[in-house]
Amino acid sequence: MHDPVNHPAHYTDGQIEVIDFIDDKQLSYCLGNAVKYISRAGKKDPAKTIEDLQKAVWYLNHEIEKRKREAAQCTISDPAQS
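Residues numbered from 1 in each chain as written. Predicted model: local features only at pLDDT ≥ 70, side-chain atom pairs only at ≥ 80, totals over all residues. Heavy atoms only, no water.

## Focus: the pattern of salt bridges
Stage number 1. Under the counting rule described, the total for this entry stands at four salt bridges.
Stage number 2. We note a salt bridge from E51 to K55, for which the minimum N-O separation is 3.3 Å. One end of the pair, E51, and the other, K55, are both in helix 3 (residues 49-77), four residues apart, so they sit about a helical turn from each other.
Stage number 3. A residue is classified by how much of its surface remains accessible, and K55, at 30% relative accessible area, is partly exposed.
Stage number 4. As a salt-bridge pair, K68 and E65 come within 3.5 Å of each other at their nearest N and O atoms. Of this pair, K68 and E65 are both found in helix 3, three residues apart, which corresponds to roughly one turn of the helix. (Salt bridge = Lys/Arg side-chain N within 4 Å of Asp/Glu carboxyl O. Helix = DSSP H or I, 4+ residues; strand = E, 2+ residues; numbered from the N terminus. Buried < 20%, exposed > 50% of the residue type's maximum accessible area, 1.4 Å probe, protein only.)

## A closer look at the environment of E17
Stage number 1. For E17, the position within the fold is in the segment before helix 1 (18-25).
Stage number 2. For E17, a relative accessible area of 17% puts it in the buried group.
Stage number 3. Sequence separation between E17 and S39 is 22 residues; the distance between their C-alpha atoms is 9.8 Å.

## Observations concerning the packing of aromatic side chains
Stage number 1. Evaluation of the coordinates by the stated rule reveals three aromatic pairs.
Stage number 2. Judged by centre distance (6.1 Å) and plane angle (75°), the rings of Y29 and Y59 are edge-to-face. You can see Y29 sitting in helix 2 (residues 29-40) and its partner Y59 sitting in helix 3, a full 30 residues away along the chain.
Stage number 3. Relative accessible area serves as the criterion here: at 62%, Y29 is assigned to the exposed category.
Stage number 4. With a relative accessible area of 16%, Y59 lands in the buried category. (Phe/Tyr/Trp six-rings, centres within 6.5 Å; stacked < 30°, edge-to-face > 60°.)

Below is the structure:
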């Protein structure tokens, strides 16, 4: 049964739904979105395959920068790390 709201076809073409994988791995918002865009690349709209992959890269870069800032804050906050 086609259910574009609860089970969109571009997320349900494998053995499990993308949301179930994201939940199981307890991924952050950014990592979850990267997985979402990678898994659906070209499936929702074949003309937007590259755009989907670029969005995944954007979310990965955002997550990397966030973690770098957090690591820097931990180093500054913890004198033992200096």
